[in-house]
Amino acid sequence: MTFDMTRGSPGKLLLRFALPLILSSIVQQLYTLCDSVIVGRLLGETAFAAWIPVALFLFVCYRRILRQRLANQPENLQKEAQL
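As a starting point, this report considers the structure included with it.

Procedures and definitions
Residues numbered from 1 in each chain as written. Predicted model: local features only at pLDDT ≥ 70, side-chain atom pairs only at ≥ 80, totals over all residues. Heavy atoms only, no water. Helix = DSSP H or I, 4+ residues; strand = E, 2+ residues; numbered from the N terminus. Expected span 1.5 Å × (residues − 1). Bend = angle between axes of the 7 residues up to and from the residue. Buried < 20%, exposed > 50% of the residue type's maximum accessible area, 1.4 Å probe, protein only. Patch = residues over 30% accessible without salt bridge, like charges linked within 9 Å, V, L, I, M, F, W, Y side chains within 5 Å. Areas by Shrake-Rupley, 256 points an atom, 1.4 Å probe, with all protein chains shown as cover. Salt bridge = Lys/Arg side-chain N within 4 Å of Asp/Glu carboxyl O. Contact = heavy atoms within 4.5 Å.

**Section: the environment of Arg16**
Argument step 1. Assignment of secondary structure puts Arg16 in helix H1 (residues 10-43).
Argument step 2. Taking the C-alpha atoms as reference, Arg16 lies 9.9 Å from Met5; in sequence the two are 11 residues apart.

Below, the structure is given as structure tokens:
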């Protein structure tokens, strides 16, 4: 069974297509926020200042990995769309 994105409401189709990416982005941001709080409170201001570039780097890496996985496996998009 395939997911036909040429039929139906464009807004609903785009939301259904983008929802996994939106949710993973929110989870990643919450993870980074928790790490920042822990580093800032336990290790101090200097460690927190060093953590910010690392958090940005990790976010960019995670996005690239996710984008590559989705681009290389279009059947996964079809399976997610069926859910």
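**Comments concerning H1**
Argument step 1. Relative to the 50 Å expected for 34 residues at 1.5 Å per residue, H1 spans 48 Å between its end C-alpha atoms, a close match to the ideal helical length.
Argument step 2. Along its length, H1 shows its largest kink, about 45°, at Ala18, and proline Pro20 lies within four residues downstream of that point.
Argument step 3. Among all positions of H1, only Leu13, Gln28, Thr32, Asp35, Ser36 and Val39 are buried.
Argument step 4. Following H1 by one or two positions, Gly44 has its phi on the positive side, about 105°.

**Notes on a nonpolar patch on the surface**
Argument step 1. On the surface, a cluster of nonpolar side chains totalling about 710 Å² of accessible area is made up of Leu15, Leu19, Ile22, Leu23, Ile26, Leu30, Leu33 and Val37.
Argument step 2. Inspection of the secondary structure puts Leu19 in helix H1.
Argument step 3. Given the relative accessible area of 38%, Leu19 is considered partly exposed.

**Structural notes on the side chain of Arg63**
Argument step 1. Along the polypeptide, Arg63 turns up in helix H2 (residues 45-72).
Argument step 2. Other than its neighbours up to four places away in sequence, Arg63 contacts Leu21, Ser24, Ser25 and Gln28.

By themselves, these are just geometric observations and shouldn't be taken as functional.
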